[in-house]
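# Understanding the architecture of this molecule
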Amino acid sequence: MIEILSPDHLPDILPALRQVQQTHVDARPDIFAPYGADADYLAFFRTAMTEKGLTVLVWRDAGRCVGFLSYEIEERDANPFLNQSLQGYLHHISVLDSHRRQGIGRALVQAMQAALVKEGLTMWKVTYWRFNAASAALMRSAGAQEVHVRAEGHMTA
């Protein structure tokens, strides 16, 4: 049921992508842009797939993409503060509301983990927003632990 998506089939992820983008826009319209032109999203993913090695996994139900996950292998050079590292980075995950709570998100994460292990990696990272409780719960269930806190402050006049 899970397959690696080719750039030619990127339009298949648009419904799930629209849904997750709307979740972000609803919670933080000050940061997230309303869903734009499909062509822009497709170009973004196509470029990431061809130039950065982004992999997109999809779950299909009766041939229709009902969930997807995108990840890449990220190499960071050492610097005076951090050691060199090589890990997977989960960028996007979305499962259509109609197919949630059926284990699809978890299966997509497990498929990513298995692919990363085959590449010799032992760690993956993800960033998600606190307002996205479903994503936070999924990441915890997949074994991800919070290790870094990012905060924001606002100035008043």
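Conventions adopted
Residues numbered from 1 in each chain as written. Predicted model: local features only at pLDDT ≥ 70, side-chain atom pairs only at ≥ 80, totals over all residues. Heavy atoms only, no water. Axes fitted to C-alpha atoms, helices over the stretch in contact; angles between N-to-C directions. Helix = DSSP H or I, 4+ residues; strand = E, 2+ residues; numbered from the N terminus. Parallel < 35°, antiparallel > 145°, perpendicular 65-115°, else oblique. Contact = heavy atoms within 4.5 Å. Nonpolar A, V, L, I, M, F, W, Y, C, P; charged D, E, K, R; others polar. Patch = residues over 30% accessible without salt bridge, like charges linked within 9 Å, V, L, I, M, F, W, Y side chains within 5 Å. Areas by Shrake-Rupley, 256 points an atom, 1.4 Å probe, with all protein chains shown as cover. Salt bridge = Lys/Arg side-chain N within 4 Å of Asp/Glu carboxyl O. Buried < 20%, exposed > 50% of the residue type's maximum accessible area, 1.4 Å probe, protein only. Pairing = 2+ DSSP bridges.

Looking now at the packing of helix 1 (residues 14–27) against helix 2 (residues 38–51). Their axes nearest at 12 Å, the elements helix 1 and helix 2 cross at an angle of 100 degrees. Here helix 2 runs roughly perpendicular to helix 1, going by the angle between their axes. Residues Leu14, Leu17, Arg18 and Gln21 of helix 1 form the contact with helix 2, whose participating residues are Asp38, Tyr41, Leu42 and Phe45. Of the residues that constitute the contact of helix 1 with helix 2, the class distribution is five nonpolar, one polar and two charged.

Let us now look at the environment of Tyr71. Note on placement: Tyr71 falls in strand 3 (residues 64–76). Placed 14 residues apart in sequence, Tyr71 and Leu57 show a C-alpha to C-alpha distance of 8.5 Å. Residue contacts for Tyr71: discarding those within four places in its chain leaves Gly53, Leu54, Thr55, Leu57, Tyr89, Leu90, His91, Met112, Ala115 and Leu116.

Another point: a nonpolar patch on the surface. Residues Ile31, Trp129 and Phe131 make up a contiguous nonpolar surface patch of roughly 240 Å² in combined accessible area. Within the secondary structure, Trp129 is located in the loop between strand 5 (124–126) and helix 4 (133–141). Judged by relative accessible area, which is 30%, Trp129 ranks as partly exposed.

Of all seven residues in strand 2 (residues 55–61), six are buried, a share of seventy percent or more. Sheet topology note: the strand 1 (residues 2–4)/strand 2 ladder contains three bridges and is antiparallel. Each residue of the ladder has a partner; that of Glu3, found in strand 2, is Val58. Bridge count for strand 2 against strand 3 is seven bridges, and the pairing is antiparallel. Residue pairing for strand 3: Thr55 is matched across the bridge by Tyr71. Count of turn residues in the strand 2/strand 3 antiparallel hairpin: two residues, of which Ala62 carries a positive phi of about 55 degrees.

Function cannot be read off these values alone, since they describe shape.
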